[in-house]
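Report on the structure
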Amino acid sequence: MMGTWQYGGAAYPFSVTDSGSMQRLKEALAVLKSCELEDDEDQAEAYCRMIVAFFDSVFGSNVGLDITGGDEDGCSAAYLSFVEYVRDQLSGLARLRKEAEEEYLRRKEGFPVGGGHD
């Protein structure tokens, strides 16, 4: 099932378990890496331009400005919110993987699920 990042009153489909989402994230990170400061460009403006391009890569053309509002504070807040959303999804997956692995090992060793041995 596709997860949804909620931000600024809108919903954006994204899940770390969806290959399309992860491909777009990979491409967006490459966009960030390739962005450079233009001559005489303010660093805050450059940062926001990069974040808008990042969101355009993840969610589609012209979505970045809708998400960030195009200003420095909006860019920072949106990016940090998205990073937290992705981190939380990854943490949840890691927890589920660990629980499944522990259950498998208990069953393999012949102990009831939820039980252990001394």
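Details of the structure are given in the entry above.
Okay, so let's go over this structure.

Parameters at a glance
Residues numbered from 1 in each chain as written. Predicted model: local features only at pLDDT ≥ 70, side-chain atom pairs only at ≥ 80, totals over all residues. Heavy atoms only, no water. Helix = DSSP H or I, 4+ residues; strand = E, 2+ residues; numbered from the N terminus. Buried < 20%, exposed > 50% of the residue type's maximum accessible area, 1.4 Å probe, protein only. Contact = heavy atoms within 4.5 Å. Areas by Shrake-Rupley, 256 points an atom, 1.4 Å probe, with all protein chains shown as cover. Expected span 1.5 Å × (residues − 1). Arc of directions from axis to C-beta. Polar contact = N/O pair within 3.5 Å; in protein donor to acceptor, adjacent residues only side chain to side chain. Salt bridge = Lys/Arg side-chain N within 4 Å of Asp/Glu carboxyl O. Core = buried A, V, L, I, M, F, W, Y, C linked by side-chain atoms within 4.5 Å.

1. Remarks on the overall build of the chain
- Along the chain, the regular secondary structure elements total four helices and two strands.
- For the chain, the N- to C-terminal ordering of α and β elements is β-β-α-α-α-α.
- Counting over 118 residues, the chain shows a buried share of 31%.
- Here the contacts in the chain between residues at least 6 apart in sequence split such that 46% fall between residues at least 24 apart.
- When the accessible area of the chain is evaluated, it comes to approximately 7,900 Å², of which 52% is carbon and sulfur surface.

2. Observations regarding unusual backbone geometry
- Of note, the phi angle at N62 is positive, near 70 degrees, even though the residue is not glycine.
- In this fold, N62 is placed in the loop between α2 (43-59) and α3 (63-68).

3. Looking at helix α1 (residues 19-34)
- Between its first and last C-alpha, α1 extends 23 Å over 16 residues, near the 22 Å set by a 1.5 Å rise per residue.
- Considered for burial, the residues of α1 that qualify are S21, L25, A28 and L32. End-on, the buried residues of α1 take up no more than an arc of 65 degrees, which puts them together on one face. Turned more than 90 degrees from where α1 packs its buried face, S19, K26, K33 and S34 sit exposed.

4. Remarks on α2
- Its 17 residues place the ends of α2 24 Å apart at the C-alpha level, agreeing with the 24 Å of an ideal helix rising 1.5 Å per residue.
- Turning to α2, its buried residues are A44, A46, C48, M50, I51, V52, F54, F55, V58 and F59.
- Backbone nitrogen of A44 and a side-chain oxygen of the N-cap are separated by 3.1 Å at the start of α2; the cap is D42.
- Where α2 terminates, the next one or two residues include G60, which has phi positive at roughly 120 degrees.

5. Notes on the pattern of salt bridges
- Evaluation of the coordinates by the stated rule reveals two salt bridges.
- Its salt-bridge partner being E84, residue R87 comes within 4.0 Å of it at the nearest N-O pair. With R87 and E84 both in helix α4 (residues 72-108) and three residues apart, the pair spans about one turn of that helix.
- Salt-bridge contacts for R87 lead to D88; the nearest nitrogen and oxygen are separated by 3.4 Å.

6. Observations concerning the nonpolar core
- Within the largest apolar cluster, 25 residues are counted, with the highest numbers of intra-cluster contacts made by W5, F14, F54, F55, F59, I67 and F82.
- Of all the secondary-structure elements, those providing two or more residues to this core are β1 (4-7), α1, α2, α3 and α4.
- For this core, the element with the most residues is α2, which contributes eight residues.
- Ignoring anything within four residues of it in the chain, the contact list for F55 reads W5, G60, G64, I67, T68, A78, Y79 and F82.

Any functional reading would require information that these geometric values do not contain.
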